[in-house]
Amino acid sequence: MDNFTFYNPTRIFFGRGEENHVGDRIRRLGGTKVLIHYGSASAVKSGLVYRVTSSLERAGIASVPLGGVRPNPRSGLVHDGIELCRKENVDFILAVGGGSVIDSAKAIALGVPYDGDFWDFFDGKAFPASALPVGTVLTVAAAGSESSPVTVITREDGMVKRPYSNDRIRPVFSILNPELTTTLPPYQTASGATDMMAHIIERYFTNTPGVELTDRMCESVLLAIRSETLRALKDPGNYDARANLMWASTIAHNDICGAGREQDWASHALEHELSALYDCPHGAGLAVILPAWMEYVMEHDINRFAQFALRVWGCEMDFAHPDVTARAGIRAFRAFLRLTGMPTSFAEIRAREDDIPLLLEKLRIGNNTIGSFVKLDISDCEKIYRLACRSPLAP
């Protein structure tokens, strides 16, 4: 196991009705004027924004609304939010929504105290000296942004999607009420579950030896996501299923499952270009990329893939031919994705094989490779994209 420092100060308030106490939470942190950042009109129509605003008013805290966040959040709204916060002297940002809303809120928090363009942080041209504090009221179990230091934004100039990580933008608190997720459409529920699984898989496939504890933690969370997703799709109002998925979203990306081990993240890099170009949900793009990546890199560590197949998907272990077990695990994963309604090929997200050169041109490759489990150069990335266009792994 590698040396590591684990730090996650986000305070989680979990359960029914917790959003009604958000004013108290912010007042205790010294907030006096809040930007309420949200996505679609559904956050208003459902009464959630009203409940949040009322809680702030009871605590004597002023607020300013800013809606309109889209999936794959855009730089233009981030600029609007920065300008609004400065004009209104906002000192706290509250994201009411899913990962896209939280990511947009984090980027605004970075930009308000900075004199330049917030995108300088994403380009590595600047390092933040400060950021406004961010809190969240989570409405979608998926991205794990509610307790991570990461934001992912699409810059509209050139439509490039990039992540940025800094502990200054880790939420100071997050309110997780599973009841807020019961009205999600099945496709969004499944896309969120795929995103969670991807966050675990990016950590699970590692070259670091001696990490049995975190292997088992990863496997347990994957098993829970697998079972609870099917339960939530069958019975959307099932509180326990939604609660387990919401907590899994946080656990999958707060890095407890990545401590002491090398992590990969090639699949996320490959997917970001898909969702930037085609505006597909991030989880749907990952459902297309992950099985193709697995097929391509499987030979690097057959035994780890066989372990994944055995422990997560219940495949029978073929000790004489572990590659048979490894392939069965990838097929089982793909079958689960299909069962939940996820796409598994380019065509299903309206991606075009002819666009692969453009995807590769936009792909940001540091030191000529991406990933750690297997270091992938531009030629490898092209082959994975092409695998994602073709028929699935044969028995």
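The structure we're discussing is the one just above.
Residues numbered from 1 in each chain as written. Predicted model: local features only at pLDDT ≥ 70, side-chain atom pairs only at ≥ 80, totals over all residues. Heavy atoms only, no water.

Colleague: Account for the environment of Asp235, with residues named and values stated.
Modeller: Mapped onto the elements of the fold, Asp235 is located in the loop between helix H8 (212-234) and helix H9 (239-253). What makes Asp235 partly exposed here is its relative accessible area of 38%. Sequence separation of Asp235 and Thr182 is 53 residues, and the distance between their C-alpha atoms is 9.1 Å. (Helix = DSSP H or I, 4+ residues; strand = E, 2+ residues; numbered from the N terminus. Buried < 20%, exposed > 50% of the residue type's maximum accessible area, 1.4 Å probe, protein only.)

Colleague: Which residues make up H8, and what values go with them?
Modeller: Taking 1.5 Å of rise per residue, 23 residues should cover 33 Å, and H8 covers 33 Å from first to last C-alpha, within 8% of that figure. Listed as buried for H8 are Thr214, Asp215, Cys218, Glu219, Val221, Leu222, Ile225, Glu228, Thr229 and Ala232. Its buried side turned inward, H8 meets helix H7 (186-204), H9, helix H12 (302-313) and helix H13 (322-339). (Expected span 1.5 Å × (residues − 1). Contact = heavy atoms within 4.5 Å.)

Colleague: Lay out the sheet that holds strand S1 (residues 11-14) with the relevant residues and their values.
Modeller: Strand pairing in a sheet relies on backbone hydrogen bonds, with the paired strands running either antiparallel or parallel. Spatially, S1-S8-S5-S4-S2-S3 is the arrangement adopted by the 6 strands of the open sheet, whose pairing is parallel. The two strands at the open ends of the sheet, each matched to only one other strand, are S1 and strand S3 (62-66). Averaged over all neighbouring strand pairs, the angle between strand axes comes to 20 degrees, with direction disregarded. For strand S4 (residues 92-97) and strand S5 (residues 134-138), the ladder comprises 5 bridges, and the chain directions are parallel. By the bridge assignment for S5, Gly97 is matched with Leu138. Along the sheet, helix H3 (residues 48-58) makes contact with strand S2 (33-38), S3, S4 and S5, crossing S2 at roughly 170 degrees. This element, H9, spans S1, S5 and strand S8 (173-176) of the sheet and lies at about 175 degrees to S1. (Pairing = 2+ DSSP bridges. Axes fitted to C-alpha atoms, helices over the stretch in contact; angles between N-to-C directions.)

Colleague: Please give an account of the nonpolar core that cites residues and values.
Modeller: Ranked by size, the top nonpolar core spans 99 residues in total, and within it Trp293, Phe305 and Tyr385 carry the most contacts. Examining the composition of this core, we find that 10 residues originate from one element, helix H11 (residues 282-297), more than from any other. Leave out the neighbours within four places in its chain, and Tyr385 touches Leu270, Glu273, Leu274, Ile289, Phe346, Ile356, Leu359, Leu360 and Leu363. Listed in part, the 20 residues of the second largest apolar core include Ile36, Leu48, Phe173 and Ile175. (Core = buried A, V, L, I, M, F, W, Y, C linked by side-chain atoms within 4.5 Å.)

Colleague: Quick one: what's the story with a nonpolar patch on the surface, residue by residue and with numbers?
Modeller: Taken together, the side chains of Met1, Phe4 and Phe6 make up a nonpolar region of the molecular surface, amounting to roughly 310 Å² of accessible area. Relative to the helices and strands, Met1 is located in the segment before S1. (Patch = residues over 30% accessible without salt bridge, like charges linked within 9 Å, V, L, I, M, F, W, Y side chains within 5 Å. Areas by Shrake-Rupley, 256 points an atom, 1.4 Å probe, with all protein chains shown as cover. Salt bridge = Lys/Arg side-chain N within 4 Å of Asp/Glu carboxyl O.)

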